[in-house]
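Fold and contact review
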Amino acid sequence: MNYGKDNHLNEDQFLLATVDKTELPAEAREHLSECPQCREQIENMERELTLLSRMAEDFAPQQRKRAFRYVKPRNAGNWIWSLRTASGAAVMVVLAVTLVWWSPLSKTTPEVVTGVTFQESDQLMADIDTLVDNALPPIHVYISGESGPELDEEFMEFVVPIINNTTPTYNSGLKGAVLC
Amino acid sequence: MPQKNHEDNPPPTRSATLSRQTVILTEEAVAGSETAFNSLVDLFQEDIFRMAYYRTLSRMDAEDITQNVFIKAFKNISRLQSPERFKSWLFSIALNQVRDFYRKKRLLTMLGLSGKGDDHEQDYEEENAPDPLDNLMKQDFWKHVELFLDKLSRMEREIFTLRFMNHLGIREISNILKKNESTVKTHLYRALGKFRKESTMRQFLTEEKTL
């Protein structure tokens with residue numbers, strides 16, 4: 001096709017030139033280099049596409065969360081060290097427990113101590129019982145009358161009679177039972 | 001006929017100045033350097049985040065996808081054969097993650113467990129509350145983009161987005177999608193034809209430019 005002064009690029013060639021100018025036939029390329037009108041048309045199209053791309057960039061929101069970054073774990077080999085320390089500590093504890101368990105002191109001393117403790121406890125309880133029995137000084141006991149001969153069991157029974165279980169009460173359980 | 005070299009024809013707004021640095025860092029990361037890997041994360045996390053955002057239109061989902069992409073990359077970087085293809089490799093992981101995301105979302109919707117509404121607008125309410133006019137403009141822009149992309153086939157949409165929104169070259173796109181370059185160009189050609197007919201979208205862009 002011969003490209004004259006008034007024979008501009010057609011629509012297909014125009015699109016082809018926008019995609020990739022090297023795709024144009026040699027004559028069309030030659031025409032394009034000489035025709036400012038066709039060049040301007042292509043430049044306008046490219047300008048619109050540039051504008052689209054720039055606006056898309058400007059109008060896209062800002063990334064708030066930054067993307068993944070590799071962070072090397074601090075002291076990566078530490079778990080081996082921790083494992084060794086933990087195993088060592090466990091062995092030490094087992095050894096200590098075994099030593100205490102099998103040592104001669106661990107068997108005799110507790111028995112002796114326990115016996116002494118029981119004796120002391122009995123003595124202490126006996127002292128406490130004595131104190132409870134004689135809680136008041138003798139003079140107070142006399143004033144309260146607790147030591148008097150008249151306050152024997154018979155006298156107390158007279159003051160506070162013992163309730164006889166055979167006496168009819170509200171709780172006799174029989175319908176129509178009469179309170180005496 | 002001159003030899004075609006698409007790497008000589010870089011995307012309109014993105015320079016490829018970091019490519020050499022990327023190759024060096026990738027070689028170190030493949031050899032086991034965590035520092036090099038972290039530098040790669042710093043270099044590419046925004047690209048990946050945007051790539052995910054353009055496809056999900058949700059900041060939180062895009063962040064999650066970005067996170068998963070780099071975790072996957074970290075786990076598999078030792079298997080990367082060609083360090084010069086790191087970017088394509090990373091984007092193909094990202095693309096798979098986006099597909100997984102939609103698969104899960106579809107499944108949840110089918111089971112009636114998807115509780116999420118339109119968090120695209122919600123994102124803007126959260127992020128740009130101080131300037132409601134600006135907020136409105138952004139919402140309008142994304143609605144136009146969404147409407148336009150809906151008119152493209154799946155492959156056209158993918159290629160158009162990778163080329164003109166993620167600034168990838170034809171060769172990179174062909175590596176990511178595992179399609180040959182002429183297939184990529186054909187889809188791009190069709191997508192551009194539709195873009196050219198999209199007068200509302202183009203008018204919106206021109207108006208915004210004059211503002």
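Everything numeric in this text was worked out from a predicted model, so none of it was measured.

Residue position: B:His187 is located in helix α9 (residues 181–197). With near-sequence residues (within four places) excluded, B:His187 lies in contact with B:Met155, B:Glu156 and B:Ile159.

Turning our attention to the packing of aromatic side chains. Across all of its chains, the model carries 14 aromatic pairs over all chains by this definition. Centre to centre, the rings of B:Tyr53 and B:Trp142 are 5.5 Å apart; their planes meet at 80°, and the pair counts as edge-to-face. Of the two residues, B:Tyr53 is situated in helix α2 (residues 34–56) and B:Trp142 in helix α6 (residues 132–150); the sequence distance between them amounts to 89 residues. Residue classification places B:Tyr53 among the buried residues on the basis of a relative accessible area of 0%. Aromatic side chains B:Phe148 and B:Phe160 sit 5.2 Å apart centroid to centroid with 70° between the ring planes, which places their arrangement in the edge-to-face category. One end of the pair, B:Phe148, is in helix α6; the other, B:Phe160, is in helix α7 (residues 154–164), with 12 residues separating them in the sequence. Given the relative accessible area of 0%, B:Phe160 is considered buried. Members of the aromatic cluster, each reached through a chain of ring pairs, are A:Phe59, B:Phe49, B:Tyr53, B:Tyr54, B:Phe141, B:Trp142 and B:Phe204. The ring of B:Phe164 carries the charged tip of B:Arg163 above its face, separated from the ring centre by 5.8 Å.

Bringing the packing of α7(B) against helix α8 (residues 170–177) of chain B into the picture now. All names here are of chain B. In contact at an axis separation of 10 Å, α7 and α8 are set at 135° when each is read in the N-to-C sense. On the basis of the axis angle, α7 is oblique to α8. Note that α7 runs across α8; the crossing there is right-handed. Mapping the contact onto sequence places Met155, Glu158, Ile159, Leu162 and Arg163 in α7 and Ile170, Ile173 and Leu177 in α8. The class makeup of the residues in the contact of α7 with α8 is 6 nonpolar, no polar and 2 charged.

All right, on to the pattern of salt bridges then. Enumeration over the complete set of coordinates arrives at 14 salt bridges over all chains. Put simply, B:Arg196 and A:Glu11 hold a salt bridge, and the shortest N to O gap is 2.7 Å. Of the two residues, B:Arg196 sits in helix α9 while A:Glu11 sits in helix α1 (residues 11–19), which places them in two different chains. By sharing partners, the salt bridges in this structure join A:Asp20, A:Glu23 and B:Lys185 into a single network.

What counts and how
- Residues numbered from 1 in each chain as written.
- Chains lettered and ligands numbered in written order.
- Predicted model: local features only at pLDDT ≥ 70, side-chain atom pairs only at ≥ 80, totals over all residues.
- Heavy atoms only, no water.
- Helix = DSSP H or I, 4+ residues; strand = E, 2+ residues; numbered from the N terminus.
- Contact = heavy atoms within 4.5 Å.
- Phe/Tyr/Trp six-rings, centres within 6.5 Å; stacked < 30°, edge-to-face > 60°.
- Buried < 20%, exposed > 50% of the residue type's maximum accessible area, 1.4 Å probe, protein only.
- Lys NZ or Arg CZ within 6 Å of the ring centre and 35° of its normal.
- Axes fitted to C-alpha atoms, helices over the stretch in contact; angles between N-to-C directions.
- Parallel < 35°, antiparallel > 145°, perpendicular 65-115°, else oblique.
- Left-handed = near helix turned anticlockwise from the far one by under 90°.
- Nonpolar A, V, L, I, M, F, W, Y, C, P; charged D, E, K, R; others polar.
- Salt bridge = Lys/Arg side-chain N within 4 Å of Asp/Glu carboxyl O.

Keep in mind these numbers describe shape, not what the thing actually does.
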